[in-house]
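Chain residues, written in single-letter form:
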Amino acid sequence: MYTIRFQPERSLLDIAWHRIFLPDQVPDYARQCLQQFLAQGLKPGYLLRMDMRESAVQPRDTLDSFSSSFRDFPKASRIAVITASALQRMQVLRVMTQPYLRVFDDADSGLDWLLDPSACENHARRCG
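What you see is a predicted model; the values in this text were computed from it and never measured.

> Account for the overall build of the protein chain, naming residues and giving values.
A tally of helices and strands in the protein chain yields four helices and five strands. Listing every helix and strand of the protein chain by position from the N terminus yields β-β-α-β-α-β-α-β-α. Scaling as 2.2 N^0.38, a compact globule of 128 residues should have a C-alpha radius of gyration of about 14 Å, and the protein chain matches this with 14 Å. Projecting the C-alpha coordinates of the protein chain onto the three principal axes gives extents of approximately 40 × 35 × 20 Å.

Dropping the structure here:
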């Protein structure tokens, strides 16, 4: 359903979704993300890459579950979402309104942007 990888040396949380979430699956996913986040010693201000290419647009009730389950999750400094789907891109930009978020078609471009210290200065949305 998903893969969670941490790269503590880069302060990077790297997640790939492999299918749609059901609303009742999201709280367990959130708990696992937090447990691994803490075990890896990451801190607020980390980098987040979310690869959604193998997933699809999430149902409304699943989005509500994400909102409540991740409400208190430590905040990233930059978020790169990976999707080639125009519909999914629209959903991400509607739901994830962080000014430090950018959407990419491929994972390498997203990672390059996350790791580029000048990236916040060079894109249309201002980083926090």
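Alright, that's what it looks like, and here's the rest.
> Any chance you could break down the side chain of Q58 for me, citing the residues and the numbers?
Topologically, Q58 is positioned in the loop between strand 3 (47-51) and helix 2 (60-69). Those residues in contact with Q58, other than ones at most four positions away along the chain, are W17, R19, I20, F21, L63, F66 and Q91.

> Summarise the environment of R19; cite the residues concerned and give the values.
Along the chain, R19 turns up in the loop between strand 2 (12-17) and helix 1 (26-39). For R19, a relative accessible area of 41% gives the class partly exposed. For the pair formed by R19 and E54, sequence separation is 35 residues and the distance between their alpha carbons is 6.1 Å. Here R19 is in contact with M1, Q25, E54, S55 and Q58, once residues within four sequence places are set aside.

> Outline the environment of F73, supporting the account with residue identities and numerical values.
Mapped onto the fold, F73 is located in the loop between helix 2 and strand 4 (78-82). You can call F73 buried: its relative accessible area is 10%. For the pair F73 and R31, spaced 42 residues apart in sequence, the C-alpha to C-alpha distance is 9.6 Å. F73 has contacts with L13, A30, C33, L34, F37 and Y46, leaving out every residue within four places of it along the chain.

> Please give an account of the layout of surface pockets that cites residues and values.
One simple way to see leftover space: roll a probe sized like a water molecule over the atoms. In this structure, the largest pocket occupies an estimated 630 Å³ of space. Surrounding the largest pocket, 27 residues form its lining, M50, F66, F70, M96 and Q98 being those nearest its centre. Of all elements in the fold, only strand 2, strand 3, helix 2 and helix 3 (86-95) reach the threshold of two or more residues within the lining of the largest pocket. The element best represented in the lining of the largest pocket is helix 3, accounting for four residues. The residue makeup of the lining of the largest pocket, split by class, is 20 nonpolar, five polar and two charged.

Reading the values: the criteria
Residues numbered from 1 in each chain as written. Predicted model: local features only at pLDDT ≥ 70, side-chain atom pairs only at ≥ 80, totals over all residues. Heavy atoms only, no water. Helix = DSSP H or I, 4+ residues; strand = E, 2+ residues; numbered from the N terminus. Rg over C-alpha atoms; globule rule 2.2 N^0.38 Å. Contact = heavy atoms within 4.5 Å. Buried < 20%, exposed > 50% of the residue type's maximum accessible area, 1.4 Å probe, protein only. 1 Å grid on protein atoms, 1.4 Å probe; cavity = no way out; pocket = protein on both sides within 12 Å on 5 of 7 lines; lining within 4 Å. Points joined across faces, edges and corners; volume = space filled by probe spheres on them. Nonpolar A, V, L, I, M, F, W, Y, C, P; charged D, E, K, R; others polar.

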